[in-house]
Amino acid sequence: PAENPPTGTPKVAAPHRSETAMTDATAAQVPDVNLEAAGEAAELVYTTRNGEAKVIRHGSSLDLISKSTNLLNDEFAETDPEKDFEKWNGLGARTYFLSVVEPSGVMGCTMRIQLDGDFSSAPSPWGYAPTDICTKRLVVDYVVTIEELQGKGYASFLLELVKRIAARYHANCYVLALEDSCVYWMSKGFELESGPIDRRLNLFPDTHLLKLPTNRPEDESVIPPPDEDGAEDEDEDGDGMEGGEDAEDEDE
């Protein structure tokens, strides 16, 4: 998901234009977010440098899932977020949304993430991870900003929230991105992941898995063995996902 990164479930796009100045959204102090329980949602308010209040809704309530998924469906005509959800659910991951809501009530930007592992405990009070091996993963797989609000830095702000969540929960942070959006994500601090965790998290044939360089070694017990036949999973659910193009426009 770039600044307008509708990132199709597995497609995170990159912006055509690069950010040359701090936007209102990214200039704001990034608040702490405590993840809500499954089926719940909460709101937080942050203030931009111009004194404008913005509301962030986050969680997995039916209302938030419905509105966020409708926005994704509007942007990704050739993708099926609901089928993608089934894939992640089969992996044991939990889908979670973060959305910027305008004063008018319009959802201006939404980011979908997958929580892979046990996130039921409260965030750690320690600034360091309790173990060398990571057992939790946070994966950004979709982000979109409506056209009239692109360029305001909303997706970048949500990404900072996600990075903050990953740090506080001692989770590794990843992004699934289309090839043409990888440069954008690298500009946000991510790098290509070529390790075996790709076999678990990269569920789609046309995306790349990117990671933060601060990620810890993964728990090998959750990584599936290599495909003996060397064949990729190319079922129809992974075809035609194009979340990259809008993402490329967001940071304009």
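Residues numbered from 1 in each chain as written. Predicted model: local features only at pLDDT ≥ 70, side-chain atom pairs only at ≥ 80, totals over all residues. Heavy atoms only, no water.

Q: I'd love a proper account of the overall build of the protein chain, names of residues and values included.
A: The helix and strand inventory of the protein chain stands at seven helices and eight strands. Here the protein chain holds 252 residues, and 52% of them are scored as buried. Residue pairs at least 24 apart in sequence account for 76% of intrachain contacts in the protein chain once pairs closer than 6 positions are excluded. Total accessible area on the protein chain stands at roughly 11400 Å², and carbon and sulfur atoms take up 47% of it. (Helix = DSSP H or I, 4+ residues; strand = E, 2+ residues; numbered from the N terminus. Buried < 20%, exposed > 50% of the residue type's maximum accessible area, 1.4 Å probe, protein only. Contact = heavy atoms within 4.5 Å. Areas by Shrake-Rupley, 256 points an atom, 1.4 Å probe, with all protein chains shown as cover.)

Q: Account for the nonpolar core, with residues named and values stated.
A: Ranked by size, the top nonpolar core spans 46 residues in total, and within it Ile113 and Leu138 carry the most contacts. When contributions to this core are tallied by element, the ones reaching two or more residues are β1 (41–47), α2 (62–75), β3 (94–101), β4 (107–116), β5 (137–145), α4 (154–168), β6 (172–177) and α5 (182–187). A total of nine residues in this core trace back to one element, the largest contributor, which is α4. With residues up to four places along the chain from it excluded, the contact list for Ile113 reads Arg94, Thr95, Tyr96, Leu98, Leu138, Val139, Val140, Asp141 and Val162. The next biggest cluster of nonpolar side chains, apart from the first, holds 11 residues, and it includes Trp88, Leu203, Leu209 and Ile223. (Core = buried A, V, L, I, M, F, W, Y, C linked by side-chain atoms within 4.5 Å.)

Q: Describe in detail the side chain of Glu193, supporting the description with residues and values.
A: For Glu193, the location among the structural elements is in the loop between β7 (191–192) and α6 (198–201). Once residues lying within four places of it in the same chain are set aside, the contact partners of Glu193 are Tyr174, Asp198, Leu209, Leu210 and Lys211.

Q: Any chance you could break down the sheet that holds β5 for me, citing the residues and the numbers?
A: Overall, mixed pairing links the eight strands, which are arranged β1-β2-β3-β4-β5-β6-β8-β7 in an open sheet. Because the sheet does not close on itself, it has two edges, and the strands there are β1 and β7. The pairing of strand β2 (residues 53–59) with β3 spans five bridges and is antiparallel. Bridged to Val55 within β3 is Val101. On the sheet, α2 packs against β1, β2, β3, β4 and β5 and is oriented at approximately 110° with respect to β4. Strand contacts of α4: β1, β2, β3, β4, β5 and β6, with the helix running at about 25° to β4, the strand carrying the most contacts. (Pairing = 2+ DSSP bridges. Axes fitted to C-alpha atoms, helices over the stretch in contact; angles between N-to-C directions.)

Q: Lay out the confidence of the model for the protein chain in plain terms, naming residues and giving numbers.
A: Put simply, the protein chain has an average pLDDT of 80, and 77% of its residues get 70 or more. Segment residues 1–28: pLDDT under 50, and 170 contacts once partners within four positions in sequence are set aside and those in other chains are kept. Scored below 50 in pLDDT, residues 230–249 makes 74 contacts in the model with residues more than four places away or belonging to other chains. (pLDDT = per-residue confidence, 0-100.)

Q: Now, about the environment of Gly92: what can you tell me, with residues and values included?
A: Secondary-structure assignment places Gly92 in the loop between α3 (81–91) and β3. Note: C-alpha distance between Gly92 and Leu115 (23 residues apart in sequence) is 8.8 Å.

Q: How would you summarise the packing of aromatic side chains if you had to cite specific residues and measurements?
A: Evaluation of the coordinates by the stated rule reveals four aromatic pairs. Measuring from ring centre to ring centre gives 4.0 Å for Tyr46 and Phe157, while their planes differ by 25°; the resulting arrangement is stacked. Here Tyr46 is found in strand β1, whereas its partner Phe157 is found in helix α4, with 111 residues between them in sequence. The residues Tyr46 and Phe157 share a single accessibility class, namely buried. (Phe/Tyr/Trp six-rings, centres within 6.5 Å; stacked < 30°, edge-to-face > 60°.)

Q: Lay out α2 with the relevant residues and their values.
A: Given a rise of 1.5 Å per residue, 14 residues ought to cover 20 Å, and the 20 Å separating the end C-alpha atoms of α2 matches this to within 8%. Regarding α2, the residues found buried are Leu64, Ser68, Thr69, Leu71 and Leu72. Buried residues of α2, seen end-on, are gathered within an arc of 155° and therefore sit on one face of the element. Residues of α2 that are exposed and angled more than 90 degrees away from the buried face: Leu62 and Asp74. (Expected span 1.5 Å × (residues − 1). Arc of directions from axis to C-beta.)

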